[in-house]
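Given next are the chains, with one letter for each unit.
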Amino acid sequence: MSASSATAPRSASPPQPGEAILDVDHLHVAFQTPDGPVIAVEDVSLTVRKGEFLSIIGPSGCGKSTVFNVVGGLLTEHEGRVSVAGETIVGPHPSIGMVFQEESTFPWRTVIDNVAFPLELTGMPKAQRLERARHFIEMVGLQGFERRYPGELSGGMRQRVSLARTLASEPKILLMDEPFAALDEQTRLLLGDKVLQIQQELQQTTLLITHNITEAVQMSDRILVMTYRPGKAKRIVEIDLPRPRTSEIVGSEAFGRYVAQIWADLREEASRGLTDDETSRNRGSAS
Amino acid sequence: MAATGSLTASAPVRGRPNRVTLLRIGIIVAVLAGWELLSRSGWLYRDVVPSLFAIGKAIVALLSSGEYYFHLGVTAGEILAALAIGGVLGLIVGLLLGGNRFLAAAFESYLYYLGPTPKIIFFPILIMWFGVGPGSKIAMGVLSAFFPIALSVAAGMREIDRVLIRVGKSFRATTWQMATKIYVPAMRHPIINGVRLGLGVGLIGTLLAETKLSNKGIGYLIIQAYTLFDMPRMYAMLIVLFVLAIGANALVGRLGGLSNIKRR
Ligand SMILES: Nc1ncnc2c1ncn2[C@@H]1O[C@H](COP(=O)(O)OP(=O)(O)OP(=O)(O)O)[C@@H](O)[C@H]1O
Ligand SMILES: [Mg+2]
């Protein structure tokens, strides 16, 4: 039983090779608020296979970050089971590395000390961890900036520092929550290439959260489309495009078809979100 | 009016003596001249306003006596010990209050009430607990330095960027690693600020205690000079102390300036 909720049609193409490494099983998350419980995620199930790049896409507020926090072990109050290689997640798991939606570099550490941070926590000797850190700084293309402070870098560069820092911990599963959301379109495309290249180089199992369709189709093996509130799994789309990929693939016809298909799904949800907002606004002004 | 104008106009010029510096020197010279005039005029007892020469001689005598340095060492040691103890206690309490809403709700208002209370009123108790020697002076300094440090750490902790804490947790940092590698460096500005305030009030607390009841330290020497009516010596000590306090403040200020370089 892999992937998707009951409403999602099975894709025709055969499943990817590789064993399941991350399993989310009937996840429910509700937040207690002064106005009563808010259901953020309702019955989401998915399986990520080893070496696979899976994206979760959905309109703003549909519960993507909530799924991210649950899988990352930072949000433990939920129903359903999340497991890594069969091991249930009850807190941050050593196999999972997280890259956050927000700006998250340590402003008091230089680039290299930022990247070496997870290695420092494990007690790795200084010379060794700086060498490792240098390797990952090169991987994200920041060589020459090792001694700079984050305050001296651009937003895109800082996001690359965060990515290198998480990669330095060599997680089995890389978990990213809209890592490029705050960047301009060009930087986003170039960084996307970088991520693709790294992912293909490391055979890195990756779970990417995004609301950018192009980004999702460009990078993913499969895409989970989520519904607007409450966040459910609407459909799983297999992206059957050849690898290795770069941003050039964006121009191809097959790419356009996938984008159109997911856009149709999302438009439905986004407009549901809008009408939802409107009715609640109208209700608000009427009372 | 003219003075203000020249002040703002010449402020950016650095290095060579400008009008501000000249004005400052002028004021000092005027004060010294006035003092000397007052001393010679005979309006006040000569001993209350000793001549500049007598004070100068006393300063030289002071700085060349080993005894003075012994007492200076005692006071400096007391202040450093007070700052260290008060700093660590303030840091711990500040971290607890800043990190735990329940504790903050229960206890923080006490800190706000006790913070501005003159700590000298506790001095009799401290003497009974820690004796007449340096112990009670250190305790006074600790009591003074603790509050500003604890309060500024607690406030600083609430202002930490939450995502940095989540980063630490996602890398499975231990509680100790979280405290030393994330909380404390993230709060370096409020901590340094707290230490500056703590040093100021700790210095006051310690010296005040020394002047009240003691057998060692600068405060003790000052009061001794006063009771022996050795005014030149007393003024000499006040002047040296004043210069030292300015130096200490500048030093901590430099510390704060350094931390600003690494600011985002
Ligand atoms: N701590 C919280 N307390 C109460 N409600 C919350 C909390 N966190 C999230 N929510 C609610 O849960 C829902 C999902 O939030 P979430 O942050 O997961 O959305 P998202 O899909 O990541 O949105 P975006 O794309 O804008 O980042 C939202 O309706 C939000 O209001
Ligand atoms: Mg989000």
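Above this note sits the structure.
Now for a look at the structure at hand. Values in this document were obtained by computation on a predicted structure and should not be read as measured data.

**Thoughts on the coordination of the magnesium ion (ligand 2)**
All names here are of chain A. At the metal site, the magnesium ion (ligand 2) is ligated by Ser65 (OG) and Gln101 (OE1), and these contacts range over 1.9 to 2.6 Å. Of this pair, Ser65 sits in helix H1 (residues 64–71) while Gln101 is found in the loop between strand E6 (96–99) and helix H2 (111–115), placing the two residues 36 residues apart along the sequence. Relative accessible area serves as the criterion here: at 32%, Gln101 is assigned to the partly exposed category.

**Considerations on the interface of chain B and chain A**
Between chain B and chain A, the contact holds 18 residues from the first and 25 residues from the second. Both sides of the chain B and chain A interface together cover about 2,100 Å² of buried area, and 67% of this is carbon and sulfur. Inspection of the chain B/chain A interface yields two salt bridges. Here B:Lys181 ties to A:Glu120 by a salt bridge, and the two come within 2.7 Å at their closest N and O atoms. The interface formed by chain B and chain A holds four residue pairs in polar contact (both at pLDDT 80 or more) in total. Contributing elements (two or more residues each) for the side of chain B that touches chain A: helix H8 (162–170) and helix H9 (175–186) of chain B. In terms of residue class, the side of chain B that touches chain A is built from eight nonpolar, two polar and eight charged.

**Looking at the environment of A:Ala233**
For A:Ala233, the position within the fold is in strand E10 (residues 233–238). With 188 residues separating them along the chain, A:Ala233 and A:Ser45 place their C-alpha atoms 7.3 Å apart.

**Thoughts on a nonpolar patch on the surface**
Residue and element names in this part refer to chain B. Together, Phe107, Tyr110, Tyr113 and Leu114 make up an exposed nonpolar region whose accessible area comes to about 470 Å². You can see Leu114 is positioned in helix H5 (residues 101–114). Leu114 gets classed as partly exposed once you look at its relative accessible area, which sits at 35%.

**So, the site of ligand 1**
Residues and elements named next belong to chain A. What surrounds ligand 1 is a group of 13 residues, the closest being Ser60, Gly61, Lys64, Ser65 and Thr66. The separation between an oxygen atom of ligand 1 and a polar main-chain atom of Gly61 is 2.8 Å. At 3.2 Å, a side-chain N or O of Gln101 approaches an oxygen atom of ligand 1. Contact with the protein chains removes 66% of the 640 Å² of surface that ligand 1 exposes when unbound. Elements represented by at least two residues in the shell around ligand 1 include exactly strand E1 (20–33) and H1. Ranked by residue count, the leading element in the shell around ligand 1 is H1, at three residues. Of the residues that constitute the shell around ligand 1, the class distribution is three nonpolar, seven polar and three charged.

**Some points on the packing of helix H10 (residues 188–212) of chain B against helix H11 (residues 218–227) of chain B**
Packed helices, taken two at a time, are described by the angle their axes make and the gap between the axes. Residues and elements named next belong to chain B. Axis separation between H10 and H11 bottoms out at 7 Å; the angle between their running directions is 40°. Between H10 and H11, the crossing angle belongs to the class labelled oblique. Two packed elements cross with a definite hand, and for H10 against H11 that hand is right-handed. Counted together, Leu207, Glu210 and Thr211 of H10 and Ile218, Gly219, Tyr220 and Ile223 of H11 form the full contact between these two elements.

Calculation notes
Residues numbered from 1 in each chain as written. Chains lettered and ligands numbered in written order. Predicted model: local features only at pLDDT ≥ 70, side-chain atom pairs only at ≥ 80, totals over all residues. Heavy atoms only, no water. Donors = N, O, S within 2.8 Å, 3.2 Å for Na, K, Ca; no water. Helix = DSSP H or I, 4+ residues; strand = E, 2+ residues; numbered from the N terminus. Buried < 20%, exposed > 50% of the residue type's maximum accessible area, 1.4 Å probe, protein only. Contact = heavy atoms within 4.5 Å. Buried area = accessible area lost by both parts, 1.4 Å probe. Salt bridge = Lys/Arg side-chain N within 4 Å of Asp/Glu carboxyl O. Polar contact = N/O pair within 3.5 Å; in protein donor to acceptor, adjacent residues only side chain to side chain. Nonpolar A, V, L, I, M, F, W, Y, C, P; charged D, E, K, R; others polar. Patch = residues over 30% accessible without salt bridge, like charges linked within 9 Å, V, L, I, M, F, W, Y side chains within 5 Å. Areas by Shrake-Rupley, 256 points an atom, 1.4 Å probe, with all protein chains shown as cover. Near = heavy atom within 4 Å. Axes fitted to C-alpha atoms, helices over the stretch in contact; angles between N-to-C directions. Parallel < 35°, antiparallel > 145°, perpendicular 65-115°, else oblique. Left-handed = near helix turned anticlockwise from the far one by under 90°.

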